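Take a look at the letters that make up each chain.
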Amino acid sequence: MRTFTYSILCLFIVSLLSACTSSKKLLEKGRYDQAIEKSAKKLRKDPNDSDELYVLKEAYRKANTFDHERIDFLKKEQREDNWLEIYYLYSQLEQRQDIIRSLPTNVRKQFALVDYDDEIIESKESAAEAMYQHGVDYLERGDRQNARLAYDEFMGVRDIYPDYKDVGKLLQEARYRGTNFVLLQIENNSNMALPRNFESELQKISLGDLNSAWVQYETYADSSTYYDYYVVINIKEIAVSPESIEKRTYTDTKEIQDGMRYVFDENGNVKKDSTGNDIKVPNMITVSAQVTESVQHKQAVVAGSIDYIDLANNQLVKTQKLSVNAVFEHYSAVANGDERALTADSREIVGSRPLPFPPNETMLMDAAELLKNRAKAIIRQNRNLLANSGQAGY
C-alpha cells in the first residue's frame with residue numbers, strides 16, 4: 001500500500017516535469033498514461049485533431065494491454081497478496097475510461113468501454129480480506145514489531161475499505177500494542193532534601209512534541225498503562241554555595257575639556273589670527289574617580305544523570321551526565337572623585353545598591369527550571385534510542 005502511494009507521488013512529479021513534452025514523445029517513451037492525459041486535454045479543445053486522436057488510441061490500447069496482461073499473470077499466481085495490485089489495476093483501467101467519457105462525443109464513440117464494476121468489487125473485497133487476515137496473524141504473534149506490521153496491514157484495509165469489519169478497533173489495538181510507552185521519573189539520590197515543589201516542577205516538562213509514531217512519553221504514571229522504559233532524572237548532587245561579596249577598587253581617568261585658553265607667543269603675548277582675533281584652544285585636563293565595586297555571588301548546582309531503563313529486563317540502556325548551575329550575581333558600586341571620569345561600564349553600576357541574597361529554596365527552584373530544559377534537550381537527542389521495539393508485555 002505504501003509502495004503504491006509512493007508510486008502515485010512519483011507519477012505526479014514526472015507529470016509536472018513532462019508538461020512541455022508532446023503526447024507523441026510520451027507515447028514513444030512508453031509513458032502511456034501521461035500521453036493519454038495530454039492528448040485528451042488537447043482533444044477537449046479540438047475534437048478534430050487527428051494526430052492527437054491517433055496518440056490517444058495507441059496509448060490507451062497499449063496501457064490497457066499491459067494492465068490486462070499483468071492482471072492475468074497475477075491471477076494465475078493465485079497468491080492472496082496479489083489482490084491489492086489487481087484491485088489497483090482494475091481501478092486504473094476504470095480511471096482511463098473516465099477520461100474517455102469526458103471527451104467530446106465524436107471522440108468518445110470511437111472507444112469501446114467495458115464494465116469493470118464486478119472485477120473492482122471482487123478484487124477490492126479480496127484485497128481487504130487478505131490484508132485483514134495478515135493483520136490478525138501479525139497481531140496474534142504478540143510482540144511489538146509484529147503489532148506494527150499489523151497496523152500497516154489494517155491501514156491498507158482502511159485506505160480502500162474504511163468500514164471493513166472491525167478494522168477501526170483493530171487499528172487502535174495494533175497502535176497501542178506497537179507503541180513503546182516511556183515514563184519520566186525523578187529520583188533524588190543526593191542525600192539532601194529538595195524543595196517541596198522541586199519534583200512537581202520537573203514533571204512539568206512538556207514531552208508531547210517528542211512523541212513519534214511508536215514512542216509515547218508520559219510524565220505522570222497511569223496505572224492502566226504497561227510502561228516499556230523509564231527515563232529517570234537521577235539527581236546525585238545538590239550544592240548551594242555560601243553567599244559571597246567580593247570588592248575591588250579601581251580608578252577611572254579621562255582627559256576632558258575644561259573651558260578654553262589663550263595661545264601665547266614666545267614673548268608672552270596672545271597670538272592673533274589673520275583677522276586680528278585672539279587665538280583660543282580647548283583647555284584639556286585629566287580627571288579621575290576612584291570606584292569601589294561590590295560583586296554579590298551565590299550559585300546552586302544540581303548534577304546527576306539521565307538514565308534509560310528497559311523494563312522488560314530491568315537493564316540500564318544508556319546513561320548521560322546532567323548538570324545545571326543557577327547563578328545569582330549582582331554588581332553595585334560607589335565612586336569618589338570627579339564622576340566625569342567614569343567609563344560607560346562604571347556608570348552602569350555606580351549608584352546601584354546591593355540586593356538581598358535569594359534563599360536556597362529559590363536558587364534550587366531556578367535550577368529546576370534549567371534542569372527541565374537541559375533534560376528535554378538530552379531526551380530529544382536520544383529520541384531514536386527508544387524507537388526500536390522490544391517484547392510486548394501482554
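Data block above holds the structure.
What counts and how
- Residues numbered from 1 in each chain as written.
- Predicted model: local features only at pLDDT ≥ 70, side-chain atom pairs only at ≥ 80, totals over all residues.
- Heavy atoms only, no water.
- Helix = DSSP H or I, 4+ residues; strand = E, 2+ residues; numbered from the N terminus.
- Rg over C-alpha atoms; globule rule 2.2 N^0.38 Å.
- Buried < 20%, exposed > 50% of the residue type's maximum accessible area, 1.4 Å probe, protein only.
- Contact = heavy atoms within 4.5 Å.
- Areas by Shrake-Rupley, 256 points an atom, 1.4 Å probe, with all protein chains shown as cover.
- Lys, Arg positive; Asp, Glu negative; His and termini not counted.
- Charge placed at Lys NZ, Arg CZ, Asp CG, Glu CD.
- Core = buried A, V, L, I, M, F, W, Y, C linked by side-chain atoms within 4.5 Å.
- Salt bridge = Lys/Arg side-chain N within 4 Å of Asp/Glu carboxyl O.
- Axes fitted to C-alpha atoms, helices over the stretch in contact; angles between N-to-C directions.
- Parallel < 35°, antiparallel > 145°, perpendicular 65-115°, else oblique.
- Left-handed = near helix turned anticlockwise from the far one by under 90°.
- Nonpolar A, V, L, I, M, F, W, Y, C, P; charged D, E, K, R; others polar.
- Patch = residues over 30% accessible without salt bridge, like charges linked within 9 Å, V, L, I, M, F, W, Y side chains within 5 Å.
- Pairing = 2+ DSSP bridges.
- Phe/Tyr/Trp six-rings, centres within 6.5 Å; stacked < 30°, edge-to-face > 60°.
- Lys NZ or Arg CZ within 6 Å of the ring centre and 35° of its normal.

Asker: I'm lost on the overall build of the protein in this one. Help?
Answerer: A tally of regular secondary structure across the protein gives twelve helices and six strands. In terms of overall size, the protein is more extended than a compact globule, its C-alpha atoms giving a radius of gyration of 40 Å where 394 residues would be expected to give roughly 21 Å. When burial is assessed residue by residue, the protein has 39% of its 394 residues classed as buried. Partitioning the contacts of the protein with sequence separation of at least 6, the portion at a separation of at least 24 is 73%. Accessible surface, the protein as shown: approximately 22800 Å² in total, 48% of it carbon and sulfur. Placing the 51 positive and 61 negative side-chain charges of the protein at their respective mean positions leaves the two points 5 Å apart.

Asker: Help me understand the nonpolar core in this model?
Answerer: Side chains that are nonpolar tend, in soluble globular proteins, to be buried together. Membership of the largest hydrophobic core comes to 33 residues, with the highest contact counts inside it found for Ile233, Ile235, Leu371 and Ile379. The element that contributes the greatest number of residues to this core is helix 12 (residues 360-381), accounting for eight residues. The contacts of isoleucine 235, once residues within four sequence positions are left out, are Ile186, Glu187, Asn188, Asn189, Ser190, Leu194, Phe198, Leu202, Val302, Ala303 and Leu371. Of all hydrophobic cores here, the second largest spans 30 residues; its members include Leu84, Val136, Ala150 and Phe154.

Asker: Just to check I follow, could you spell out the pattern of salt bridges for this structure?
Answerer: When their charged atoms lie close together, side chains carrying opposite charge are able to pair. A complete count under the given rule lists 20 salt bridges for this structure. Here arginine 79 and aspartate 81 are joined by a salt bridge, their closest N and O atoms 3.6 Å apart. For arginine 79, a relative accessible area of 43% puts it in the partly exposed group. Given the relative accessible area of 46%, aspartate 81 is considered partly exposed. For glutamate 369, the salt bridge identified is with lysine 372, shortest N-O distance 3.3 Å. Here the residue glutamate 369 and the residue lysine 372 both occupy positions in helix 12, the gap between them amounting to three residues, near one helical turn. Judged by its relative accessible area of 35%, glutamate 369 falls in the partly exposed class.

Asker: So what exactly am I meant to see when it comes to the packing of helix 4 (residues 50-77) against helix 5 (residues 83-101) here?
Answerer: Pairs of packed helices are described in terms of their axes, by the angle between the two and the distance that separates them. Where helix 4 meets helix 5, the axes come as close as 10 Å, and the angle between the chain directions of the two elements is 160°. Judged on the interaxial angle alone, helix 5 and helix 4 are roughly antiparallel. The interaxial crossing formed by helix 4 with helix 5 has left-handed handedness. The segment helix 4 lies against helix 5, with Leu56, Tyr60, Ala63, Asn64, Asp67, His68, Arg70, Ile71, Leu74 and Lys75 engaging Glu85, Ile86, Leu89, Tyr90, Gln92, Leu93, Arg96, Gln97 and Ile100. Along the lines of polarity and charge, the residues of the contact of helix 4 with helix 5 split into ten nonpolar, four polar and five charged.

Asker: It is not clear to me how a negative patch on the surface should be interpreted in this structure. Could you clarify?
Answerer: Judged by side-chain charge, Asp115, Asp117, Asp118 and Glu122 come together as a negatively charged surface patch. Relative to the helices and strands, aspartate 118 resides in helix 7 (residues 117-140).

Asker: Before we go on, may I ask you to explain unusual backbone geometry in this structure?
Answerer: Leaving glycine out, the prevailing phi sign among residues is negative, and the prevailing peptide bond configuration is trans. Even without glycine at this site, glutamine 78 takes up a positive phi of about 55°. With respect to the helices and strands, the residue glutamine 78 is situated in the loop between helix 4 and helix 5.

Asker: Where do I start with the pairing of strand 1 (residues 180-188) in this structure?
Answerer: Regular strands have side chains that alternate between both faces of the sheet. Relative to strand 2 (residues 215-218), strand 1 runs parallel, the two sharing four bridges. Paired with phenylalanine 181 across the strands is glutamine 216, a residue of strand 2. Looking at chain direction, strand 1 and strand 3 (residues 229-240) are connected through seven bridges and run parallel. In the sheet register, valine 182 faces strand 3, and the bridge partner there is tyrosine 229.

Asker: Got a minute to help me understand the environment of leucine 171 in this structure?
Answerer: By the element assignment, leucine 171 lies in helix 9 (residues 167-178). Classification of leucine 171 as buried rests on a relative accessible area of 5%. For leucine 171 and serine 23, which are 148 residues apart along the polypeptide, the C-alpha to C-alpha distance reads 44 Å. When neighbours within four sequence positions are excluded, leucine 171 is seen to be in contact with Tyr151, Phe154, Met155 and Arg158.

Asker: Quick question: what am I supposed to make of the packing of helix 3 (residues 32-45) against helix 5 here?
Answerer: The N-to-C vectors of helix 3 and helix 5 enclose an angle of 15°; their axes lie 10 Å apart at closest approach. The pairing of helix 3 with helix 5 is recorded here as roughly parallel in orientation. For the pair helix 3 and helix 5, the sense of crossing is left-handed. Between helix 3, through Asp33, Ile36, Glu37, Ala40 and Arg44, and helix 5, the contact on the second element is made entirely by Gln92, Arg96 and Ile99. By residue class, the composition of the contact of helix 3 with helix 5 is three nonpolar, one polar and four charged.

Asker: I tried to follow the side chain of glutamate 94 on my own but got confused; where do I start?
Answerer: Along the chain, glutamate 94 falls in helix 5. Here glutamate 94 is in contact with Arg101, Val114, Tyr116 and Ile120, once residues within four sequence places are set aside.

Asker: Is there a simple way to think about the packing of aromatic side chains in this case?
Answerer: For any pair of aromatic rings, geometry is given as the distance between the ring centres together with the angle between the planes. Following the criterion strictly, the structure yields nine aromatic pairs and no others. Through a chain of ring-to-ring contacts, three or more aromatic side chains come together here, namely Tyr132, Phe154, Tyr161 and Tyr164. In this arrangement the basic side chain of lysine 165 is found over the ring face of tyrosine 132, its NZ or CZ atom lying 4.9 Å from the centre. Cation over ring: arginine 175 sits above tryptophan 214, and NZ or CZ is 4.7 Å from the ring centre.

In short, shape yes, function no, at least from these values alone.
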